[in-house]
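# Observations on the model geometry
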Amino acid sequence: MMLRPAILDCDTGIDDALAIMLAVRSKELRLLGVTTTSGNVSLDLVCRNTAYVLELVGAGGRVPVIPGASKPLMRAAHHETHVHGDDGLGGAYDGDGSEAAGIDAGVARAADFIVEQVLAAPGEVTLIFTGPLTNLAHALMKCPDLPRHVRELVFMGGAVRTGGNVTPSAEYNMYADPEAAKLVFHSGMRMTMVGLDVTNPTLLTPEHIGRLRGNPAGEFVYRCTKAYLERAEELNSGYGDGFSMHDPLTVGIAIDRTLARTGSYYVDIETRSELNDGRTVCDFLGKWGKEPNMDVCLEVDSDRFLEHFVRTIGELSS
Ligand code: RIB
Ligand code: CA
C-alpha cells in the first residue's frame, strides 16, 4: 500500500507523545516531519520532548523536528504544566537534554516547512495538528493558496456538544490561540475536527497499559501516564478512569476515517468574549445560512481505536 505523506504538528505533552509513537509506527503514513509549537509547555521543551520520543521509537534522525511558533498569534502563551507536568511528559523525561541539540528553537521554520512540503506534492499531504493552530495560521499568511494544495487537515480541538476542558466552554488547543483557529476555519481548507466530544470518552485504561509493559516503548507509556491516571477523576471531567487519548485518536482518525461518524457543518470560533473565548460554535441547524467548512466528529468507535493503538505500540515494542 502506498504510504500517505503527512506532517504532524505537536505541542508535545503526554498525549502528543503517544500520537507521535502511533504516527511513526503507522503502516499508512509516511511522516515527513514533526513541526512544533508552544502549547502544553514552552517551545524549547516541546522540541526536546518531540526529539526524545522520536528517538525512543527509533525515528530519531529519520523524521525531522522543525521548530515553529514560540507563542500564539496575538495572545500570551498559556501552558498546561498542571496536566502534563513541568517536563511536559508527566515526569517521565529521563534524557540528558541532548536530544534537541541540533534543533534551533529560536528560528521558526515550521510554516515554511509546511508550505514547501505541501507545494512539492500538491493534493497529497495530510496535515495532522494536535496543538494550537498557530503554525498553520503562519503558513496560510505566507501562502494564501495553500488550502487548494493540502489533501486534508485533521486537527484535535474544540467541542460542539460538550463543555470545554480549560474553561467551561473552550477546549485547550482552541483557547490557546483562537485567532489562529479562526484564520484556519475561514481558509477554505478541507478539514476534520476531532473534538472533545469524541476524545473525552476515548480512555487508555490501566488494563490497556498493562498489555504494553515490559519493553522501552510500553514502559514509557506507563511512566508518562502514571501521574495523570492518579488524578483521572479530576482531569477527565468525570469521564472515567483512564488517560484521555485526544491526540492519538486524531492520528487514528487521520489514518482510518471509519473510526468516527462525522457531519458537515459550519463551525466558527469565539475570539472576543470574556466567558467564551476559544469556544467552537457549530451551526447544526444552519441558522447562519453558511456553507459547511468542516467535517465534525460526532461519535467514535473508541474500543476499536484503543485496540489498534495497543496492537500498534505493542508491535513497536517487539
Ligand atoms: O484539549 C486537549 C488538547 O490540548 C490536547 O492536544 C492536549 O495535548 C492539549 O494540547
Ligand atoms: Ca497536544
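Being a predicted model, the structure only gives us computed values, none of them experimental. (Residues numbered from 1 in each chain as written. Chains lettered and ligands numbered in written order. Predicted model: local features only at pLDDT ≥ 70, side-chain atom pairs only at ≥ 80, totals over all residues. Heavy atoms only, no water.)

## Quick notes on the overall build of the protein
- If you tally the helices and strands in the protein, you get 13 helices and 12 strands.
- Relative to its length of 318 residues, the protein is compact, with a C-alpha radius of gyration of 18 Å against a globular reference of 20 Å.
- The C-alpha extent of the protein, read off along each of the three principal axes, is 55 × 40 × 40 Å.
- Within the protein, contacts between residues separated by at least 24 positions form 83% of all contacts whose residues are at least 6 apart in sequence.
- Element-wise, carbon and sulfur atoms account for 50% of the exposed surface of the protein, whose accessible area totals about 12500 Å².
- If the 28 positive side-chain charges of the protein are averaged to one point and the 43 negative ones to another, these points end up 5 Å apart. (Helix = DSSP H or I, 4+ residues; strand = E, 2+ residues; numbered from the N terminus. Rg over C-alpha atoms; globule rule 2.2 N^0.38 Å. Contact = heavy atoms within 4.5 Å. Areas by Shrake-Rupley, 256 points an atom, 1.4 Å probe, with all protein chains shown as cover. Lys, Arg positive; Asp, Glu negative; His and termini not counted. Charge placed at Lys NZ, Arg CZ, Asp CG, Glu CD.)

## Some words on the packing of aromatic side chains
- This model, assessed by the stated rule, comprises seven aromatic pairs.
- Both rings, one in Tyr228 and one in Phe243, keep their centres 4.7 Å apart while their planes meet at 70°; by these two values the pair is edge-to-face. You can see Tyr228 sitting in helix H10 (residues 216-230) and its partner Phe243 sitting in strand E8 (residues 243-244), a full 15 residues away along the chain.
- You can call Tyr228 buried: its relative accessible area is 7%.
- Aromatic ring contacts, followed pair by pair, group Tyr52, Tyr93 and Phe220 into a single cluster. (Phe/Tyr/Trp six-rings, centres within 6.5 Å; stacked < 30°, edge-to-face > 60°. Buried < 20%, exposed > 50% of the residue type's maximum accessible area, 1.4 Å probe, protein only.)

## Side note on the packing of helix H2 (residues 43-56) against H10
- The contact between H2 and H10 brings their axes to 10 Å, and the two run at 145°. Note on element contacts: H10 touches H2 through Pro216, Phe220 and Arg223, opposite Tyr52, Val53 and Leu56.
- Each residue belonging to the contact of H2 with H10 can be placed in one class, and the counts come to five nonpolar, no polar and one charged. (Axes fitted to C-alpha atoms, helices over the stretch in contact; angles between N-to-C directions. Nonpolar A, V, L, I, M, F, W, Y, C, P; charged D, E, K, R; others polar.)

## As for the site of ligand 1
- Taken together, 13 residues lie near ligand 1, and Asp15, Thr130, Asn165, Glu171 and Asp247 sit nearest.
- Contact distances for ligand 1 include 3.0 Å between an oxygen atom and a side-chain N or O atom of Asn40.
- Between ligand 1 and the protein, one listed contact pairs an oxygen atom with a side-chain N or O atom of Asp247 at 2.6 Å.
- When ligand 1 sits alone it has 270 Å² of accessible area, and the protein chains cover 96% of it. (Near = heavy atom within 4 Å. Polar contact = N/O pair within 3.5 Å; in protein donor to acceptor, adjacent residues only side chain to side chain.)

Geometric values such as these leave the question of function open.
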